[in-house]
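# Architecture at a glance
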Amino acid sequence: GKGEFDHFMLKEIHEQPTALTQALEGRIDPEHGRIALADFEPGTFTDIESVQLIACGTSYHAALYGSLVLNQAGVHATALLANEYSVSSPPIDDDTLVIAVTQSGETADTLNALRQANAEGATTVTVTNVVGSTAAREADEALFIRAGPEIGVAATKTFSSQAVMLTLLGQRIAADLRGEPPADLETLLAELAAMPDAIAGLLEDSDADAIADRYANSQSYFFIGRGLGFSVALEGALKFKEITYEHAEGFASGELKHGPLALVTPETPVFAVFTGEEDEKTLKNAEEAQTRGAPVIAVCPAGHRAVDVADDHLEIPEMEADLAGLLANVQLQLVSYYAAELLGRPIDKPRNLAKSVTVE
Ligand code: M6R
């Protein structure tokens, strides 16, 4: 049941510390700076040259996040929408690894793309939550995120767990390709181990309900970010529109001035995600929206320069490794939740949507 919570979504948002603890259990060894993925021992990916990540919806945003982790670690990687794959897949060679990211393991679009990849001779892995799912059976290997059942139609804890597992898998792949572990692996593993507590603290102190209240009844809601923060901006917007039924869009910060800025007015709050990836540029992009009267809500650590510039902010704990985006995402999940609650929406079962989309 929902326990003390009014909705499964809020319960599942609060389950993220536990979900991440379960995901990481036995899979990282921060003391020795080692990744310990049982089915993916060092050497598993030595023959891999490039990676394609295929997924839909929230899982696609996790895939995009994972593709950036891989790119930043020096591996050729692309995130692709599974429903576009049959018409636009890049060439597959026998040194291509295809990673199907799917919470349910039953999404028809993703299964179709996975089958195509299998048929074309790729090595395939699925990152999924459901043991015994079709994706887990049909991919060469499965990496389970162990998030526990997710009942709310809106994916929340599973996004965080997918992103974390893709980070680990990505570093494993990069290490195999380079023949040595990444230089800053120890910091990353220590920060990953600290994530459950960081999220628990954030959940306790969040002002997301007040922010949702302040900006309710706006015309549109925009979310911007750079790099890993871009995938989080896209996810923030998807969550917001899905459960509030309000218009929300996510943009790469630098894209605002290439068109979307025409939509910006005092009625369009802009949530700006700061992840330490050229934050100065993102701040400038946010200020351009502010000049047109849009309130800017910065999602960033305390003491960040954006706090002084923005109209409001949502605080995230300071992290050394590149995990700020995942913390920012939790704040945005809460904003969506509280906004939907104010609007009286059926949060766990938004209209027209199904938890698992088993048709093409
Ligand atoms: O089960 P999957 O991860 O394959 O589902 C893919 C999407 O349908 C799903 O992530 C959807 O976008 C979410 N329910 C949105 O919150």
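What comes next is a walk through the structure. What you see as residue numbers is a count from 1 along each chain, following the sequence as written. A pLDDT threshold of at least 70 governs which residues receive local features in this predicted model, and a stricter bar of 80 or more applies before side-chain atom pairs are shown or counted, although totals over entire chains, interfaces and linings include all residues. Side-chain measures were taken over the full set of non-hydrogen atoms in the model, leaving aside hydrogen atoms and water.

Next up on the list: the packing of helix α7 (residues 157-178) against helix α13 (residues 324-342). For helices, the axis comes from a line fit to the C-alpha atoms of the stretch in contact; other axes are also lines fit to C-alpha atoms, and the angle between any two N-to-C directions lies between 0 and 180 degrees. We count a stretch as a helix when DSSP gives it H or I for four or more residues in a row; a strand needs E for two or more, and each element gets its number in order from the N terminus. Packing of α7 against α13 brings their axes to within 10 Å, and their N-to-C directions diverge by 170 degrees. One way to sum up the angle between α7 and α13 is to call them roughly antiparallel. Where α7 abuts α13, its residues Phe159, Ser160, Ala163 and Val164 lie against Leu326, Asn329 and Gln333. Here the residues of the contact of α7 with α13 are counted per class, giving 4 nonpolar, 3 polar and no charged. An angle below 35 degrees is treated as roughly parallel, one above 145 as roughly antiparallel, one from 65 to 115 as roughly perpendicular, and anything else as oblique. Every residue pair with non-hydrogen atoms within 4.5 Å of one another is taken to be in contact. Note that Gly is not counted as nonpolar here; it falls among the polar residues with everything else outside the nonpolar set of Ala, Val, Leu, Ile, Met, Phe, Trp, Tyr, Cys and Pro and the charged set of Asp, Glu, Lys and Arg.

By nonpolar core is meant a set of buried Ala, Val, Leu, Ile, Met, Phe, Trp, Tyr and Cys residues that side-chain atoms within 4.5 Å join together. With a 1.4 Å probe rolled over the protein chains alone, any residue whose accessible area is under 20% of its type maximum counts as buried; one over 50% counts as exposed, and the rest are partly exposed. In this structure, Val51, Ile99 and Leu169 are the most contacted members of the largest nonpolar core, which totals 90 residues. For this core, the leading source of residues is α13, giving 11 residues. Of all hydrophobic cores here, the second largest spans 19 residues; its members include Phe222, Val270, Leu283 and Val296.

This part takes up the site of the ligand. The environment of the ligand is formed by 13 residues, the closest being Ser59, Thr102, Gln103, Ser104 and Thr107. In this structure, an oxygen atom belonging to the ligand sits 2.7 Å away from a main-chain N or O atom of glutamine 103. Contacts described as polar in this section are N or O atom pairs within 3.5 Å, which, within protein, must combine one atom able to donate a hydrogen with one able to accept it, while residues neighboring in sequence count only if both atoms come from side chains. Interatomic distance of 2.8 Å between a side-chain N/O atom of lysine 239 and an oxygen atom of the ligand. Isolated, the ligand exposes 410 Å² of accessible area, and the fraction of that covered by the protein chains is 91%. At the level of secondary structure, the elements contributing two or more residues to the shell around the ligand comprise α3 (57-72) and α10 (228-244). Near, as used in this document, describes a residue that has one of its heavy atoms within 4 Å of the molecule or strand being considered. Residue-level accessible areas treat just the shown protein chains as cover; the underlying method is Shrake-Rupley with a 1.4 Å probe.

The next subject is a negative patch on the surface. On the surface, Asp6, Glu204, Asp205, Asp207, Asp209, Asp213, Glu315 and Glu341 cluster together into a negatively charged patch. Breaking the negative patch down by element, the ones donating at least two residues are α8 (185-205) and α9 (208-215). Within the element layout of this structure, aspartate 205 appears in helix α8. A patch consists of residues exposed above 30% relative accessible area that lack any salt bridge, with like charges linked at up to 9 Å and nonpolar side chains (Val, Leu, Ile, Met, Phe, Trp, Tyr) linked at up to 5 Å. A pairing counts as a salt bridge when a side-chain nitrogen of Lys or Arg comes within 4 Å of a carboxyl oxygen of Asp or Glu. Charged residues are defined narrowly, with Lys and Arg counted positive, Asp and Glu counted negative, and His plus the chain ends left uncounted. Charge coordinates come from a single atom per side chain, which is NZ of Lys, CZ of Arg, CG of Asp or CD of Glu.

Turning to the sheet that holds strand β5 (residues 96-102), a few remarks are in order. For two strands to be treated as a pair, DSSP must find at least two bridges joining them. Pairing is parallel in the open sheet, where 5 strands are placed in the order β4-β3-β5-β6-β7. The open sheet has two free edges, formed respectively by β4 (76-81) and β7 (141-144), since each of these has just one partner strand. Across the sheet, the axes of successive neighbouring strands diverge by a mean angle of 20 degrees, strand direction being ignored. Of the strand pairs in this sheet, β5 and strand β6 (residues 123-128) are connected by 6 bridges, and their pairing is parallel. By the bridge assignment for β6, valine 98 is matched with threonine 124.

On to the sheet that holds strand β12 (residues 312-315). Ordered in space as β9-β8-β10-β11-β12, the 5 strands form an open sheet in which the pairing is parallel. Each of the sheet's edge strands pairs with one partner strand only, and the pair in question is β9 (247-252) and β12. The sheet shows a mean angle of 20 degrees between the axes of neighbouring strands, direction not considered. Pairing analysis gives 3 bridges linking strand β8 (residues 220-225) to strand β10 (residues 270-273), with the strands arranged parallel. Bridging across to β10, isoleucine 224 finds its partner in alanine 272. On the sheet, α9 packs against β8, β10, β11 (296-300) and β12 and is oriented at approximately 155 degrees with respect to β12.

Considering the arrangement of structural elements, one finds glycine 148 in the loop between β7 and α7. In sequence terms glycine 148 and phenylalanine 240 are 92 residues apart; their C-alpha atoms lie 23 Å from each other. When near neighbours in sequence (up to four residues on either side) are disregarded, glycine 148 contacts Gln22, Asn129 and Lys157.

Turning next to α9. Buried residues of α9: Ala208, Ile211, Ala212 and Tyr215, and no others. Within α9, the buried residues cover an arc of 100 degrees as seen down the axis, which keeps them to one side. Check the buried side of α9 and you find it contacts β8, β10, β11, β12 and α13. As used here, the arc is the angular range of directions from the helix axis to the C-beta atoms.

In this section: the packing of aromatic side chains. We call Phe, Tyr and Trp rings a pair once their centres come within 6.5 Å, taking the six-membered ring for Trp, and we label the pair stacked below 30 degrees between planes, edge-to-face above 60, and tilted otherwise. Inspection of every chain in the model, using the stated rule, returns 6 aromatic pairs. An angle of 10 degrees between the planes, with centres 5.8 Å apart, marks the rings of phenylalanine 40 and phenylalanine 45 as stacked. The same class applies to phenylalanine 40 as to phenylalanine 45, namely buried. Through successive ring pairs, a cluster of aromatic residues spans Tyr221, Phe223, Phe240 and Phe271. Between arginine 351 and the ring centre of tyrosine 245, over which it is positioned, the NZ or CZ distance is 3.8 Å. Geometrically, a lysine NZ or arginine CZ counts as sitting over a ring once it is within 6 Å of the ring centre and also within 35 degrees of the ring normal.

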